[in-house]
Amino acid sequence: MDGEAARGIGLIGAGAMAQALLHGLLAGGAVPPQRLAVTNRGDPGRLGQAARLGVYTTGDKADICRRSDVILLAVKPKDAFEACRQLRPHLEERHLVVSVAAALRRSQLQAELGGHPRVVRAMPNTGSVIGASATAIARGGDPDDARAAMGLLSALGPVEMVEEEQFDAVTALSGSGPAYIYLLIEAMIAAGVAEGLPEDVARALTLQTALGAARMAAESGRQPEELRRQITSPGGTTLAALQVLEGHKMRQTVGLAVRRAKERAAEIGRTLDAAQG
Ligand SMILES: NC(=O)c1ccc[n+]([C@@H]2O[C@H](COP(=O)([O-])OP(=O)(O)OC[C@H]3O[C@@H](n4cnc5c(N)ncnc54)[C@H](OP(=O)(O)O)[C@@H]3O)[C@@H](O)[C@H]2O)c1
């Protein structure tokens, strides 16, 4: 990480994911603001948001490339080819391009970057803002580049290395995953209110329950199934609730949702194939 932190890092994009990456990289001094530079397509409000974090902002990709050894590509998949074509004339051998765009294959990025060899595909999530991202990096290309990307992105939270063929599954599970958990949290708060609790109490109890359960699953060394069984007494309230959830096929529903997100990532990938020609 120290070696990576010493390099300039240029962000292409100033949207939700770029802001999450910025906050995560800056948190705890992992990367000093003077090492970070941000550009976008032209929205002054979003670039201003980045500037308020103390990082350098510019509308010029040549400027970003001059200042950076690592380029983090955080644009929507549909905008990525254009952004790559704009970067292409300014790339040199020293540049490592790390893309966090969903559905965009490494080979597609490389083609649009004029055959640039140093490209790594990564998928963080919005937990990056608080250093709690679940991030995956795809194997492929130079292992040293993948390791360098891993070193940099580990400032945002734990990183897993997977095959690129598994990336649509990663996108469906952890890329989109925070939204599934938020939906469950929303539903639990609403249920608490429906059963007579004040909204602020229902919210506080639900959030701490989610946090405590996630931490127990991560830190107790026990499987989620074992933790669930431990708090499910025969004839008790938890069992009664779980029977309703199982009866309404909660597991299958979650499975179908993740499958659909994975299919959608593949569909977006095919659209990009067609756009690339
Ligand atoms: N949001 C998530 O939870 C999440 C999780 C994992 C990965 N991702 C990936 O992150 C990427 C960005 O998503 P997002 O939610 O941050 O999108 P977003 O909020 O729409 O932001 C996209 C950014 O890209 C900029 N942009 C577009 N074309 C550009 C160009 N040619 N040159 C420079 N900047 C350009 C836009 O500029 P303007 O500001 O001028 O519009 C904007 O700042 C996506 O590919 C997504 O798959 C997102």
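Just so it is clear, the structure is predicted and the values come from calculations on it, not from any experiment. Counting restarts for each chain, with residues numbered from 1 along the sequence as it is written. pLDDT decides what is reported in this predicted model: residues at 70 or higher carry local features, side-chain atom pairs at 80 or more are listed and counted, and totals for whole chains, interfaces and linings draw on all residues regardless. Computation of side-chain values: all heavy atoms of the structure, hydrogens and water removed.

### Description of the pairing of strand E7 (residues 135–138)
Logical step 1: Burial of the side chains of E7 extends over both faces: Thr135 and Ile137 are buried on one face and Ala136 and Ala138 on the other.
Logical step 2: Any two strands between which DSSP finds at least two bridges are classified as paired. For the purposes of this entry, the term helix denotes a DSSP run of H or I that reaches at least four residues, the term strand denotes a run of E that reaches at least two, and both are numbered from the N terminus. Strand direction decides the pairing type here: strand E6 (residues 119–123) and E7, joined by two bridges, are antiparallel. When the sheet's bridge partners are listed, Met123 is paired in E7 with Ala136.
Logical step 3: Where E7 and strand E8 (residues 159–162) come together, four bridges link them in parallel fashion. Residue pairing across strands places Ile137 opposite Met161, the latter belonging to E8.
Logical step 4: In this region the chain leaves E7, passes through helix H7 (residues 143–153) and returns to the parallel neighbour E8; the handedness of that crossover is right-handed. When accessible area is computed with a 1.4 Å probe and restricted to protein chains, residues below 20% of their type maximum are described as buried, those above 50% as exposed, and intermediate ones as partly exposed. Place the viewer so that the strands point away; then a crossover is right-handed whenever the path from the first strand over the helix to the second strand goes clockwise.

### Observations concerning the site of the ligand
Logical step 1: Definition of nearness: a residue and a molecule or strand are near each other if at least one heavy atom of the residue lies within 4 Å of the molecule or strand. Close to the ligand lie 25 residues; Ala14, Met17, Arg46, Lys61 and Val75 are nearest.
Logical step 2: Here Asn40 contributes a side-chain N or O atom positioned 3.0 Å from an oxygen atom of the ligand.
Logical step 3: Throughout this description, a polar contact denotes any pair of N or O atoms lying within 3.5 Å of each other; where both atoms belong to protein, one of them has to be capable of donating a hydrogen while the other can accept it, and for residues adjacent in sequence the pair is counted only when both atoms sit in side chains. Between the ligand and Asp43 there is a distance of 2.9 Å, counted from an oxygen atom to a backbone nitrogen or oxygen.
Logical step 4: The protein chains hide 88% of the 910 Å² of surface that the ligand would expose on its own.
Logical step 5: Of all the secondary-structure elements, those providing two or more residues to the shell around the ligand are helix H2 (16–26) and helix H5 (77–87).
Logical step 6: Examining the composition of the shell around the ligand, we find that four residues originate from one element, H5, more than from any other.
Logical step 7: Three classes are used: nonpolar for Ala, Val, Leu, Ile, Met, Phe, Trp, Tyr, Cys and Pro, charged for Asp, Glu, Lys and Arg, and polar for all others, with Gly counted as polar. Across the shell around the ligand, the residue classes break down as 13 nonpolar, six polar and six charged. A 1.4 Å probe and the Shrake-Rupley method give the accessible areas. Residues count as covered only by the protein chains that appear here.

Fair warning: the whole summary comes from geometry, so function is off the table for now.
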